[in-house]
Amino acid sequence: VQLVESGGGLVQPGGSLRLSCAASGFTFSSYGMRWYRQVPGKERELVATITSAGGSTNYADSVKGRFTISRDNAKNTVYLQMNSLKPEDTAVYYCHARRVWQSVQYDYWGQGTQVTVSS
């Protein structure tokens, strides 16, 4: 099982980035997907979620209207489009897969990708 994030980097305030998370080793289309972020010394924060078929999404208030989560089940990939970035968006971003099947919860995490918003 692997989740591999990419697309992070350094961007100026007001700029955009698109993160990708490529999944392998499990049935991607059966899993809800999430993006989290974490700043050193702080708890990991849930940023956005998307259901297995992509029909429903949710966002943290801090990113609502600026970030968009989407997925392509044919490519086993989930995305996070980040627009109007702010310095406080600086964090390591992680993708996460979750499925509950017959009362058993399955969770997988990526290794994270650094996003730095700075002038």
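Residues numbered from 1 in each chain as written. Predicted model: local features only at pLDDT ≥ 70, side-chain atom pairs only at ≥ 80, totals over all residues. Heavy atoms only, no water.

Student: Would you take a moment to explain the sheet that holds strand 8 (residues 77-82) for this structure?
Tutor: Strand-to-strand pairing in sheets goes through backbone hydrogen bonds, with the strands running parallel or antiparallel. Ordered by their spatial adjacency, four strands build an open sheet running 1-3-8-7, and the pairing between neighbours is antiparallel. Each of the sheet's edge strands pairs with one partner strand only, and the pair in question is strand 1 (2-6) and strand 7 (67-72). The average angle at which neighbouring strand axes cross in this sheet is 15°, direction not considered. The pairing of strand 3 (residues 17-24) with strand 8 spans six bridges and is antiparallel. (Pairing = 2+ DSSP bridges. Helix = DSSP H or I, 4+ residues; strand = E, 2+ residues; numbered from the N terminus. Axes fitted to C-alpha atoms, helices over the stretch in contact; angles between N-to-C directions.)

Student: I would appreciate a short explanation of a nonpolar patch on the surface in the present structure.
Tutor: Residues Trp-101, Val-104 and Tyr-106 make up a contiguous nonpolar surface patch of about 270 Å² in total accessible area. When you line up the elements, Val-104 lands in strand 10 (residues 104-109). (Patch = residues over 30% accessible without salt bridge, like charges linked within 9 Å, V, L, I, M, F, W, Y side chains within 5 Å. Areas by Shrake-Rupley, 256 points an atom, 1.4 Å probe, with all protein chains shown as cover. Salt bridge = Lys/Arg side-chain N within 4 Å of Asp/Glu carboxyl O.)

Student: What am I meant to see in the pairing of strand 10 here?
Tutor: The two faces of the sheet receive side chains in turn, since in a regular strand these alternate between them. With six bridges joining them, strand 9 (residues 91-101) and strand 10 adopt antiparallel strand pairing. For Ala-97, the partnering residue across the bridge sits in strand 10 and is Tyr-108. Following strand 9, the chain reverses through two residues before pairing antiparallel with strand 10; Gln-102 in that reversal takes a positive phi of roughly 50°.

Student: Looking at this model, I keep getting lost on the environment of Tyr-108. Mind explaining?
Tutor: Considering the arrangement of structural elements, one finds Tyr-108 in strand 10. We classify Tyr-108 as partly exposed; its relative accessible area is 22%. Along the chain, Tyr-108 and Met-33 lie 75 residues apart, while their C-alpha atoms are 9.6 Å from each other. Leaving out residues up to four positions away in the same chain, Tyr-108 has contacts with Val-1, Leu-3, Phe-26, Tyr-31, Cys-95, His-96 and Ala-97. (Buried < 20%, exposed > 50% of the residue type's maximum accessible area, 1.4 Å probe, protein only. Contact = heavy atoms within 4.5 Å.)

Student: Help me out: how do you make sense of the state of the cysteines in this one?
Tutor: Here, the word disulfide means a covalent bond between the sulfur atoms of two cysteines. This structure, assessed with the given rule, holds one disulfide. Here Cys-21 pairs with Cys-95 through a disulfide, and the sulfurs are 1.9 Å apart. Residues Cys-21 and Cys-95 are joined by a disulfide whose S-S torsion is about 40°; by sign, that bridge is right-handed. Remark: Cys-95 occurs in strand 9 and Cys-21 occurs in strand 3; sequence separation between them is 74 residues. Of the two residues, Cys-21 and Cys-95, both sit in the buried class. (Disulfide = S-S within 2.5 Å.)

Purely geometric stuff here, so don't read any function into it on its own.
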